[in-house]
Amino acid sequence: MNRHIARGLALLALVGALAGPARADEVGDQLKNLLDKVSPSIVTVKLVIKAEMSFMGQSRDQENRTEVHGVVVDADGLIMVSSTAISGDALSEMMGGGDEEEGMSMKMTPTDIKVVVEREEKEYSAFLAATDSKVGLSFLKIEDLGDRKLAAVDFGT
């Protein structure tokens, strides 16, 4: 079963349990309709991240691979993802601010980004186009779509 559908069904079950039997059916139908509508816009982003960490004069470099989910926000291949996987800022804040004066710093740099469009096996190359640290979002741009248009989420509706 598709991971996105499985997550949507888990959310649906939780809402159903909280809302009671009559209301659960109505809410469940609304959530299923929403999931059906947006699922073509959900993509999997495969990241290779180089993490450079230093603490009290000791430094360490590490390469990590991770997958996150994103959403297509423009048919030409602009993808929105949480910045957490791409930037060390959130992790540094959780560890006390990452104050370089106290001898601690962390830098995370994506070295390879691939995007898998739902129901496909092809991996498209992408690059980090922008990051908004205030809202915790990053935007990736697929490089090799050619004339292909993707299904983008319509935030207006």
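This one's a predicted model, so the numbers in the text were calculated from it and none came from an experiment. (Residues numbered from 1 in each chain as written. Predicted model: local features only at pLDDT ≥ 70, side-chain atom pairs only at ≥ 80, totals over all residues. Heavy atoms only, no water.)

J.: What is the right way to read the nonpolar core from this model?
T.: The nonpolar side chains of a soluble globular protein tend to be buried, and buried together. Val43, Val45, Leu47, Ile79, Val81, Leu140 and Ile142 are the most contacted members of the largest nonpolar core, which has 19 residues in total. Listed by contribution, the elements that provide at least two residues to this core are strand E1 (42-55), strand E2 (58-74), strand E3 (78-82), strand E4 (104-117), strand E5 (123-132) and strand E6 (137-142). Here this core gets four residues from one element, more than from any other, and that element is E1. Not counting residues within four places of it along the chain, the set of residues in contact with Val45 comprises Thr66, Glu67, Val68, Ile79, Val81, Ile113, Lys114, Val115 and Leu140. (Core = buried A, V, L, I, M, F, W, Y, C linked by side-chain atoms within 4.5 Å. Buried < 20%, exposed > 50% of the residue type's maximum accessible area, 1.4 Å probe, protein only. Helix = DSSP H or I, 4+ residues; strand = E, 2+ residues; numbered from the N terminus. Contact = heavy atoms within 4.5 Å.)

J.: Looking at this structure, how should I read the sheet that holds E2?
T.: Strands belonging to one sheet form pairs held by backbone hydrogen bonds; the direction of such a pair is parallel or antiparallel. Pairing is antiparallel in the closed barrel, where six strands are placed in the order E1-E2-E3-E6-E5-E4. Ignoring strand direction, the axes of neighbouring strands in this sheet form an average angle of 35°. Of the strand pairs in this sheet, E1 and E2 are connected by 14 bridges, and their pairing is antiparallel. Its bridge partner being in E2, Ile42 is matched across the sheet by Val71. (Pairing = 2+ DSSP bridges. Axes fitted to C-alpha atoms, helices over the stretch in contact; angles between N-to-C directions.)

J.: Hey, could you run me through the pairing of E4 in this one?
T.: Within a regular strand, the side chains alternate between the two sheet faces. The pairing of E1 with E4 spans 13 bridges and is antiparallel. By the bridge assignment, Met53 is partnered in E4 with Met106. Note that E4 and E5 share three bridges and pair antiparallel. When the bridges of E5 are listed, Val116 appears paired with Glu123. The turn linking E4 back onto E5 is made up of five residues, and Arg119 within it adopts a positive phi angle of 65°.

J.: Sorry, what's going on with the environment of Glu67 here?
T.: Inspection of the secondary structure puts Glu67 in strand E2. You can call Glu67 partly exposed: its relative accessible area is 41%. In this structure, the C-alpha to C-alpha distance between Glu67 and Lys114, residues 47 residues apart in sequence, is 9.5 Å.

J.: It is not clear to me how the environment of Gly77 should be interpreted in this structure. Could you clarify?
T.: With respect to the helices, strands and loops of the structure, Gly77 is situated in the loop between E2 and E3. For Gly77, a relative accessible area of 0% translates into the label buried. Along the backbone, Gly77 and Glu143 are 66 residues apart, and their C-alpha atoms lie at a distance of 7.9 Å. The contacts of Gly77, once residues within four sequence positions are left out, are Leu140, Lys141, Ile142, Leu145 and Leu150.

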